[in-house]
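Letter by letter, the chains look like this.
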Amino acid sequence: MNTPKALLTALLVPLGATLAVAPAASATPPPAPPATSASAVAAASVGPEEAAAAALRSPEAALGRAAHPLRTTDPRGGLADLRPFGRMVGDARVVGLGEATHSSHEFLTVKHRVLRYLVEEKGFRAFALEAPWSTGLRLDAYLLRGEGDLKRIMDEEFQGTYRWWNNTEYRDLLRWMRAYNVEHPDDPVRFVGDDGGFAGAELYDEVSAYAAAARPELAPRLAELYRGLRPATDAETYVDDYLSKPMAERRELAERTGRAVDLLKQRPGTDADAHAWAVQHATAIHQMTTLFAFDWDDPQGVAGAMLHRDRIMAENVAWWQQQTGDKIVLAAHNSHIALRTYVPGTYPKVQGDFLREQLGGGYLSVGLTFGRGSFNAFGHDGGVHRFTVGPAEPGTAEHTLDRVRHRDFMVDLRNAPAAARAWLATPHTVKNIGATYPGIADAPRIRLAQAHDVVLHLQQVEAARLLP
């Protein structure tokens, strides 16, 4: 979707109040000054015995004692090194896997690897992505029954701000899911799109088909409420046209789609399961129209829209989990799967916070961080560019994480040693790169222990491989 700038920013870009300084496109930054950790400072001013004791008390040393090394980010091969992660997951029903950028290869491949482990070893049966509900229906049909062509589906669904998902890494993940389902037709892995940035024709068709079969007296009224809404163009054109409508018309459309949901809820058919799915599809339509009824030129409107968006993403994931019983791997930006908002002024409450509220300990938040590397993002010219950042600067969270004794690792923050707890409870700057770069919240200050249950840290990442 080639949406207006405010919406383009808001849908997939973490927002904030201050502009972070960032390097230019495809440029390697100047070398960082030599790193100086807290333990190194202590060593310079005391004797060797005191320095050794100080080093053992440093946050990086403490985290190193609790961390478990990650052997590889490649999804192929053995999974034995992920067993400690399985213990961290415990009985969680939804595991949120974040990312510090939307388009870095290793973040996507490690998600594939974790998904494979959780499917094979922990009984997870769904993968949820920051993509429209209707996109999820198309991909789920492909994964379950081989309906459609994967390349065409990805090309048509992953457009505009969602184009970051049109990459070789997610293509390989989806191919793996399809292969798994061919081998396990009675116990498949499903796909969920939890976002509300578009509502495809499939949703209108599903609601209409349900009404025709179960409550034919509702069909004419639903057709009138949905008049002019069913997409007849590609997603990008549809959203552009929709957002060009006057605000009053957009609000009237949202009111109409809300009445359609109420109508379905009030008149259930005899098949409770079919009715629940029809209501959910109608709800997804209403979620989109409501998102686009906010005033994107008003900062308060943007904050309201973001609160709505994170709430509905959480509600869609929780609905799927409760309706199907599937345990879910949830993929989204760190700032969405976090337990506390990274940017309170614009994101009053985020998806992970809503999920913890709804599922309690059944939700696990896993933040994915990195020290240096590259990623794809929109530049301020609207074009797609490859950017390079790092190494992490002193004082940032990644600077300390880079000095943990393992190159790549996972650590359970809930059980961190005492020497690390104060550091984890103190605000530190983190990389937080969205769909546009430089952004206005690339470097927020957060308390890791409040934001995530687990951190998976990679020292270096490379840009994802976008499909043409």
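The coordinates are above.
Residues numbered from 1 in each chain as written. Predicted model: local features only at pLDDT ≥ 70, side-chain atom pairs only at ≥ 80, totals over all residues. Heavy atoms only, no water.

Asks: What is the right way to read empty space enclosed by the protein from this model?
Replies: Any empty space left between atoms is shown by rolling a water-sized probe over those atoms. Per the stated rule, a full pass over the model turns up two cavities of 30 Å³ or more. For the largest cavity, the full set of lining residues is A100, N334, Y342, G367, L368, T369, V430, K431, I446, L448 and H452. Take the lining of the largest cavity: its biggest share by element is three residues, from strand β6 (residues 363-378). Its residues assigned to classes, the lining of the largest cavity comprises six nonpolar, four polar and one charged. Its volume calculated, the second largest cavity comes out at about 30 Å³. Looking at the second largest cavity, the residues that line it are F127, L129, L139, F158, Y170, L174 and F191. Of all elements in the fold, only β3 (126-132) and α9 (168-183) reach the threshold of two or more residues within the lining of the second largest cavity. (1 Å grid on protein atoms, 1.4 Å probe; cavity = no way out; pocket = protein on both sides within 12 Å on 5 of 7 lines; lining within 4 Å. Points joined across faces, edges and corners; volume = space filled by probe spheres on them. Helix = DSSP H or I, 4+ residues; strand = E, 2+ residues; numbered from the N terminus. Nonpolar A, V, L, I, M, F, W, Y, C, P; charged D, E, K, R; others polar.)

Asks: What is the right way to read helix α7 (residues 133-145) from this model?
Replies: Helical periodicity: at 3.6 residues per turn, an α-helix aligns residues three or four positions apart in one direction. Taking 1.5 Å per residue as the helical rise, α7 with its 13 residues ought to reach 18 Å, and the 18 Å between its terminal C-alpha atoms agrees with that figure. For α7, a buried count of eleven out of 13 residues is recorded, marking the element as mostly surrounded by other parts of the structure. For α7, the complete set of buried residues consists of W133, S134, T135, G136, L137, R138, L139, D140, A141, Y142 and L143. Positive phi shows up at G146, right after α7, with a value of about 75°. (Expected span 1.5 Å × (residues − 1). Buried < 20%, exposed > 50% of the residue type's maximum accessible area, 1.4 Å probe, protein only.)

Asks: Could you clarify how one ought to interpret the side chain of D194 in this entry?
Replies: Inspection of the secondary structure assignment puts D194 in strand β4 (residues 190-195). Separated by 3.0 Å, the side chains of D194 and Q351 make a polar contact. (Polar contact = N/O pair within 3.5 Å; in protein donor to acceptor, adjacent residues only side chain to side chain.)

Asks: Please clarify how the environment of M154 should be interpreted in this entry.
Replies: You can see M154 is positioned in helix α8 (residues 150-157). Looking at M154, the relative accessible area reads 1%, which means it is buried. Sequence spacing of M154 and N166 is twelve residues, and the spatial spacing of their C-alpha atoms is 6.0 Å. Sequence-distant contacts of M154, that is, excluding residues within four places in its chain, are made with W165, N166, N167, Y170, R171, L174 and L467. (Contact = heavy atoms within 4.5 Å.)

Asks: So what exactly am I meant to see when it comes to the packing of α7 against α9 here?
Replies: Helices that pack against each other are described as a pair by the angle of their axes relative to one another and the distance between those axes. One way to put it is that α7 packs onto α9 with a least axis distance of 7 Å and a crossing angle of 40°. Judged by the angle between their axes, α7 and α9 are oblique. From α7, L139, Y142, L143, L144 and R145 reach across to α9, where they touch L174, M177, R178 and N181. Residues of the contact of α7 with α9, tallied by class, amount to six nonpolar, one polar and two charged. (Axes fitted to C-alpha atoms, helices over the stretch in contact; angles between N-to-C directions. Parallel < 35°, antiparallel > 145°, perpendicular 65-115°, else oblique.)

Asks: Honestly, the pairing of strand β2 (residues 94-97) in this entry has me stumped. Any pointers?
Replies: Taken residue by residue, a regular strand's side chains alternate between the two faces of the sheet. The alternating pattern of β2 places V94 and G96 on one face and V95 and L97 on the opposite face, and all of these are buried. Note: β2 against strand β5 (residues 328-331), four bridges, orientation parallel. Bridging from a neighbouring strand, V95 pairs with V329 of β5. Pairing geometry for β2 and β6, over four bridges, is parallel. The residue bridging V94 from the neighbouring strand is Y363, located in β6. (Pairing = 2+ DSSP bridges.)

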